[in-house]
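The lines below spell out each chain.
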Amino acid sequence: ASPATVSRCGMVYVDPRDIGWQPFLWKWLNSRENEVEREVIHALCDKYLEPCLDFVVDGIVNRATMEMTEPLRQVTPMTSLALVEQFTKMLASMLTDERAIIDKALIEAACCLALTWSIGGALVQPARAKFDTFLKKLSGLPLTASETVSTGQLPSSTTLHDFTLDLDERRWQPWSTIVPHYVPPTDGKFSSIMVPTADTVRSTWLVDSIMSVCGQGRNCALLVGDSGTAKTTVAAKYLLSCDPATSTALTINFSSRTSSRNVQVAIEDVLEKRTKDTFGPPAGKKLLVYVDDLNMPTVDTYGTQQPVALLKLLIDRGYLYDRGKDLSIKHMKDMKFIAAMVPGRNEVDPRFVRLFNVFCIAFPPEASIKQIYTSILHTFFSTGAFNTSMQDRGFAERLTAAMFDVFNAVVTALPPTPAKFHYIFNMRDLSRVTEGVMLSTPDKMSECKHIVRVMRHEMYRVFYDRLVDDADKGFVGDKISKAIKASFSSEAEEALREPCLFGDLLNYHEVEEERSAGGGEEVRLYEDLQDFERFKPVLEGVLEKYNGVHKPMNLVLFDDCLGHLVRVHRLMRLPRGNALLVGVGGSG
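Residues numbered from 1 in each chain as written. Predicted model: local features only at pLDDT ≥ 70, side-chain atom pairs only at ≥ 80, totals over all residues. Heavy atoms only, no water.

## Things to note about the packing of aromatic side chains
So, step 1. Summed over all chains, the structure comprises 17 aromatic pairs.
So, step 2. When the ring of tryptophan 117 is compared with that of phenylalanine 359, the centres are 6.5 Å apart and the planes differ by 65 degrees; the resulting orientation is edge-to-face. Taken as a pair, tryptophan 117 in the loop between α6 (104-116) and α7 (125-139) and phenylalanine 359 in strand β16 (residues 357-360) lie far apart in primary sequence, 242 residues in all. Assigned by exposure class, tryptophan 117 and phenylalanine 359 land together as buried. (Phe/Tyr/Trp six-rings, centres within 6.5 Å; stacked < 30°, edge-to-face > 60°. Helix = DSSP H or I, 4+ residues; strand = E, 2+ residues; numbered from the N terminus. Buried < 20%, exposed > 50% of the residue type's maximum accessible area, 1.4 Å probe, protein only.)

## Regarding unusual backbone geometry
So, step 1. In this structure, proline 499 follows glutamate 498 across a cis peptide bond, with omega equal to -10 degrees.
So, step 2. Summarising the element assignment, proline 499 is placed in the loop between α18 (492-495) and β17 (502-503).
So, step 3. Not every positive phi belongs to a glycine, and glutamine 530 is a case in point at roughly 70 degrees.
So, step 4. By the secondary structure assignment, glutamine 530 is in the loop between β18 (527-528) and α20 (532-549).

## Points about the sheet that holds strand β9 (residues 247-253)
So, step 1. With parallel pairing, the 5 strands of this open sheet are ordered in space as β9-β12-β15-β8-β16. Of all the strands in the sheet, the pair left with one neighbour each is β9 and β16. Strand-to-strand twist in this sheet, taken as the mean axis angle between neighbours without regard to direction, amounts to 15 degrees.
So, step 2. Two elements, β9 and strand β12 (residues 286-292), share 7 bridges in a ladder whose sense is parallel. Its bridge partner being in β12, threonine 251 is matched across the sheet by tyrosine 290. (Pairing = 2+ DSSP bridges. Axes fitted to C-alpha atoms, helices over the stretch in contact; angles between N-to-C directions.)

## Focus: helix α3 (residues 22-31)
So, step 1. Listed in full, the buried residues belonging to α3 are Leu25, Trp28 and Leu29. Axial view of α3: buried residues confined to an arc of 100 degrees, hence all on one face. Turned more than 90 degrees away from the buried face of α3, the exposed residues are Lys27 and Asn30.
So, step 2. Turning to α3, the residues buried within the fold contact α4 (35-58) and α5 (80-94). (Arc of directions from axis to C-beta. Contact = heavy atoms within 4.5 Å.)

## Focus: a negative patch on the surface
So, step 1. A surface patch of negative charge is lined by Asp531, Glu533, Glu540, Glu544, Asp559 and Asp560.
So, step 2. Of all the secondary-structure elements, those providing two or more residues to the negative patch are α20 and α21 (559-573).
So, step 3. At 3 residues, the largest contribution of residues to the negative patch is made by α20.
So, step 4. Counting through the fold element by element, glutamate 533 comes out in helix α20. (Patch = residues over 30% accessible without salt bridge, like charges linked within 9 Å, V, L, I, M, F, W, Y side chains within 5 Å. Areas by Shrake-Rupley, 256 points an atom, 1.4 Å probe, with all protein chains shown as cover. Salt bridge = Lys/Arg side-chain N within 4 Å of Asp/Glu carboxyl O. Lys, Arg positive; Asp, Glu negative; His and termini not counted. Charge placed at Lys NZ, Arg CZ, Asp CG, Glu CD.)

## Remarks on the pattern of salt bridges
So, step 1. Enumeration according to the criterion identifies 34 salt bridges in this entry.
So, step 2. A salt bridge links arginine 202 to aspartate 199, with the shortest nitrogen-to-oxygen separation between them at 2.7 Å. Here the residue arginine 202 and the residue aspartate 199 both occupy positions in helix α8 (residues 198-212), the gap between them amounting to 3 residues, near one helical turn.
So, step 3. The closest approach of N and O atoms between aspartate 429 and arginine 432, which form a salt bridge, is 2.8 Å. Linking aspartate 429 with arginine 432, this pair stays in helix α15 (residues 427-437), spanning 3 residues, or about one helical turn.
So, step 4. Through salt bridges with shared partners, a single ionic network connects Arg453, Glu494, Arg497 and Asp528.

## Quick look at the nonpolar core
Within soluble globular proteins, side chains that are nonpolar tend to cluster in buried spots.
So, step 1. Among the nonpolar cores identified, the biggest contains 102 residues, and Trp172, Ile267 and Phe356 are the most heavily contacted of them.
So, step 2. At 10 residues, α4 tops the list of elements feeding residues into this core.
So, step 3. In this structure, Phe395, Ala396, Phe502 and Tyr526 belong to the second largest nonpolar core, which totals 50 residues. (Core = buried A, V, L, I, M, F, W, Y, C linked by side-chain atoms within 4.5 Å.)

## Side note on helix α9 (residues 231-241)
So, step 1. Within α9 the residues assigned to the buried category are Lys231, Val234, Ala235, Tyr238 and Leu239. Seen along its axis, α9 keeps its buried residues to an arc of 130 degrees; they face one direction. What points out from α9, more than 90 degrees from its buried face, is the exposed set Leu240 and Ser241.
So, step 2. Each element contacted by the buried residues of α9 is listed here: α8, β8 (220-224), β9, β12 and β15 (335-341).

## Quick word on a nonpolar patch on the surface
So, step 1. Taken together, the side chains of Val12, Val14 and Ile19 present a nonpolar region at the surface, about 310 Å² in accessible area.
So, step 2. Mapped onto the elements of the fold, valine 14 is located in the loop between α1 (3-6) and α2 (16-19).

## Side note on the sheet that holds strand β4 (residues 149-150)
The strands making up a sheet are joined through hydrogen bonds of the backbone, oriented either antiparallel or parallel.
So, step 1. Taking strand neighbours across the sheet as the criterion, the 3 strands line up as β4-β7-β6 in an open arrangement whose pairing is antiparallel. Edge positions in the open sheet fall to β4 and β6 (163-166), since each of these has one partner strand only.
So, step 2. Across 2 bridges, β4 lies against strand β7 (residues 171-174) in antiparallel orientation. Across the sheet, serine 150 pairs through a bridge with arginine 171, a residue of β7.

## A short note on the side chain of glutamine 86
So, step 1. With respect to the helices and strands, glutamine 86 occurs in helix α5.
So, step 2. Taking relative accessible area as the criterion, glutamine 86 reaches 0% and is therefore assigned buried.
So, step 3. Apart from the residues lying within four places of it in its own chain, the contact partners of glutamine 86 are Met78, Trp117, Ser118, Phe356, Asn357, Val358 and Phe359.

## So, the environment of methionine 94
So, step 1. Secondary-structure assignment places methionine 94 in helix α5.
So, step 2. Relative accessible area serves as the criterion here: at 4%, methionine 94 is assigned to the buried category.
So, step 3. With 73 residues separating them along the chain, methionine 94 and leucine 167 place their C-alpha atoms 8.0 Å apart.

## Some details on the pairing of β7
So, step 1. Where β6 and β7 come together, 4 bridges link them in antiparallel fashion. Residue aspartate 166 lies in a different strand from β7, and its bridge partner there is arginine 171.

## Some points on the packing of α3 against α4
So, step 1. The interhelical angle for the contact between α3 and α4, taken along N-to-C directions, is 155 degrees, at an axis separation of 10 Å. Here α3 lies roughly antiparallel to α4, going by the angle between them. Between α3 and α4 lies a crossing whose hand is right-handed. Across the interface between the two elements, Leu25, Trp28, Leu29 and Asn30 from α3 touch Arg38, Ile41, His42, Cys45 and Leu49 from α4.
So, step 2. Considering only residue class, the contact of α3 with α4 consists of 6 nonpolar, 2 polar and 1 charged. (Parallel < 35°, antiparallel > 145°, perpendicular 65-115°, else oblique. Left-handed = near helix turned anticlockwise from the far one by under 90°. Nonpolar A, V, L, I, M, F, W, Y, C, P; charged D, E, K, R; others polar.)

Laid out in structure tokens, this is it:
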């Protein structure tokens, strides 16, 4: 407001600390219908909430002695009121009217789990351990190191973030014990693969907990984590699992070019008019909106991200303005929001973040990552007509170990720099190597050494081809050789033979002749091209055929050119295969 406006108004400043979070908690407690449950929760809130908030937000270990420490680091800043609101939603999702739980020990266990994923939900991985130690000490409950722990006790083997509470069996159990078996996708596409792990099961449960709470304010969940932590996969799987009879889904991907108009048009397109100024999904359904890369939109001159500001108005107030001449209000009903973002890009308005229940999605442990790729490869080799030596799970484990050793070495030793801006390696690169290995067929790869050679080729294509100088290439090539020798000593000689090039172009001319004759589609199989002289005539024939139809290209197909052609051809043959060619001018 301008000074002229301010001079005409009476000002009353309200400090948020004067009101605090207690009025919200009282209101929520009074809304609980079960009187016995309400009294138990009230006592537990007195015991836990203020000390936990002091410890996380202000770094107060003990208010009586004023023992202080550093406030715990959150993945995105959260206010005390927002944390308490998230706590009540997590607790309400477990203490439902149908369950009608009144047992004090069971309610206290549910309270500890709710605290873990509300006040401790947005904490980064190192801070989680500190909060877990503080919470267990504050509870005064006995600690037990066994895998399953009954209520009235707390597990001590790891943090509470790694445990779930079985309310029917009245016990704590690790998330890893309820992970379903991996089932390959029916469409056979690598991009459709979803290997369940403890992390994905836990993230799905968190989203479902928030979405399932009825009649308690906004149902919005925000997943914050680094690239490759399966945020999008978890959200997509959750949307697919929802009953189409009661819900409909909308996915919006934000980018630096997304405008508020883009977002409003996308939302209005899937809503129906109910009354004069009220809109919503089809009758009897909820609209689940998933927003990916929430913090990607460009920050404008005034520090605002316009798509975020539009969503804040919609989520907070429940309406948008018609962008026509009259600027009439459009009320939008029955909508729930799930969002995901990578921390550290653009700071999102804290007043917008407070509308969400925030969960930090930590990078999965090495054991989980290895389990994912081992499961994929073992299932692939077991269900095909491959040699029995390849169908052993130990073979898939050795392949995964070799890939992971190279991946760790590359990520550690080759970070992105201004001169090497494209040195960005993440979990997707491991997936690309695995996808390449799964191009193998029993017809062309009959022995283990052939599969190891394919793996070496894929690691070269994914890691080595991105490098810009001889030192980096030498480092990665050496790491690949050492990893293969360590895991596959007997197959190393064949796997390390040069040149290492694979493709499906050797029978290109036969396939074209079959197609032009109107015959059936002949399959092109991924195979070892062995040397340049073997496939050079194929590419010369393609060039000659092109020059006969188009303006001639006088190309000399020397070895480097052939190598680049095969690499680009491999990418173009892959589903979702995209190539970014980086080089100085005149490099061809």
